[in-house]
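Inside the fold
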Amino acid sequence: MATTDRQPAPSAPTTSLATLALAHALSAATRGLAVIPLSRTKLPALPSPHRDDPPWTPRCHGECGLPGHGVYDATTDPRRVRALFAAAPRATGYGIACGLPPHHLIGVDLDTKTGTDSSASLRELALRHLFTIPDTVVVATPSGGRHVWLSGPPDVVVPNSAGRLAPGIDIRGAGGYLVGPGSRTEHGVYATVPGTAHLTPAPCPPALLRLLTPPPRPQRHPDPSRAGQHGLGLTQFVLGAHQGQRNTRLFWAACRAYESGLGDTLTDALVDAAVRTGLTEREARSTIASAARLTSGP
């Protein structure tokens, strides 16, 4: 991964920038880093194929087979990388998905835009919790910040966070991505810090990993005496749906069930009620899964 000039070249043709971005992305893919094309704004360059879907439509993570699902399109397959960039001819950079094998990448984003000294904050955390940041890949951002690349264990899911660890320190974990070195954005070029381009992401220190993984939420145990009555009300609500409101009612009922700690208990009953209104079992379970994801967020 070569160190690149940090100054943008605004006069370069779009096709040249896209070709350069593809070359950097293919280089990253050969190192086991799953990539997607990015626009100048650092957002995924491919529009979602579901942007006109109704808001209650279950979220698709690429199951439809079409590109345009952001980080869920990320791949290390050179043929798929080329196909993604061919569909995004105005891409000027690439994103590297975090949390995927073989590196299970964790990105520590040391931001400078907040006016805080995020590097000093990280050093203070290291002193307080007795860890050191090992030699690893470091990427310089156009704003003067740094992205520190670390490798996580395969059985630990590190969530994305902004400022939770310390002011100015954002974490890119599962479901997130880092702007890859060589990417050109409207603010400049991302480049590997000299002396780090040849490195692989170093293992995340255990003490830092503990800070990045919040403790599991305590499980809620529903009161059996109220589960039946509440569950009956929710299933009746779903059964009362007319055509055009079946998904909406099911999604609402499933959200209430999970918020009450009854989601898993009522899943089969809600699916059965939804099928009786005309939904397929697959549609019903997909809608309930969407409700589960929404209500289990941080």
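The shown structure was predicted, so the numbers you read here are calculated from the model rather than taken from an experiment. For every chain, the first residue of its written sequence is number 1, and the numbers climb from 1 along that sequence. Restriction of local features to residues with pLDDT of at least 70 applies here, the model being predicted, together with a cutoff of 80 or more for giving and counting side-chain atom pairs; totals for whole chains, interfaces and linings are based on all residues. Side-chain metrics in this entry use all non-hydrogen atoms of the structure; hydrogen atoms and water are not considered.

Digging into the confidence of the model for the chain
The predictor attaches a confidence to each residue, called pLDDT, with possible values from 0 through 100. Residue-level pLDDT values for the chain average 86, and 87% of them are 70 or greater. Across residues 1-11 the pLDDT falls below 50, and counting only partners more than four positions away or on other chains, this stretch makes 29 contacts in the model. Overall, residues 221-227 carries pLDDT values under 50, and its contacts beyond four positions in sequence, including any with other chains, amount to four contacts. In what follows, residue pairs with any heavy atoms lying within 4.5 Å of each other are defined as contacts.

Topic: helix α6 (residues 246-259)
The helix and strand labels rest on DSSP assignments: H or I over at least four residues marks a helix, E over at least two residues marks a strand, and numbering proceeds from the N terminus. Any helix carries an expected span of 1.5 Å times its number of residues minus one. For α6, with 14 residues, the first-to-last C-alpha span of 20 Å sits near the 20 Å given by 1.5 Å per residue. Among the residues of α6, those classed as buried are N247, L250, A253, A254, C255, A257 and Y258. Of the residues trailing α6, G261 is marked for its positive phi of about 80 degrees. For each residue, the accessible area found with a 1.4 Å probe, counting protein chains only, is set against the maximum for its type, and the residue is called buried under 20%, exposed over 50%, and partly exposed in between.

A word on the pattern of salt bridges
In what follows, salt bridge is the name for a side-chain nitrogen of Lys or Arg lying within 4 Å of a carboxyl oxygen of Asp or Glu. All told, the structure shown has six salt bridges when counted by the stated rule. Overlapping salt bridges, with partners in common, bring together D268, E281 and R285 in one network.

Some details on the sheet that holds strand β8 (residues 177-179)
Taken in spatial order, the three strands line up as β1-β2-β8 in an open sheet, and their pairing is antiparallel. Bordering the open sheet on either side are β1 (35-38) and β8, each of which pairs with just one other strand. Ignoring which end each strand starts from, the neighbouring axes of this sheet average 35 degrees apart. Here, any two strands with at least 2 DSSP bridges between them count as paired. Taken together, the three bridges between strand β2 (residues 93-97) and β8 define a ladder with antiparallel strand orientation. Each residue of the ladder has a partner; that of I96, found in β8, is L178. Packed onto the sheet, helix α2 (residues 78-86) meets β1 and β2 and runs at close to 15 degrees relative to β1. Axes here refer to lines fitted to C-alpha atoms; in helices the fit is confined to the stretch in contact. Angles between the N-to-C directions go from 0 to 180 degrees.

A word on the environment of T248
Topologically, T248 is positioned in helix α6. Judged by its relative accessible area of 34%, T248 falls in the partly exposed class. Placed 194 residues apart in sequence, T248 and P54 show a C-alpha to C-alpha distance of 9.9 Å.

Concerning the nonpolar core
Throughout, nonpolar core names a set of buried Ala, Val, Leu, Ile, Met, Phe, Trp, Tyr and Cys residues whose side chains join them through atoms within 4.5 Å. Counting 31 residues, the largest nonpolar core has V35, V81, F85, Y94, I96 and W149 as its most contacted members. Ranked by residues supplied to this core, first place goes to helix α1 (residues 14-30) with six residues. Setting aside chain neighbours within four positions, we find V35 in contact with A25, A28, D73, A74, T75, V81, L84, Y94, G95 and I96.

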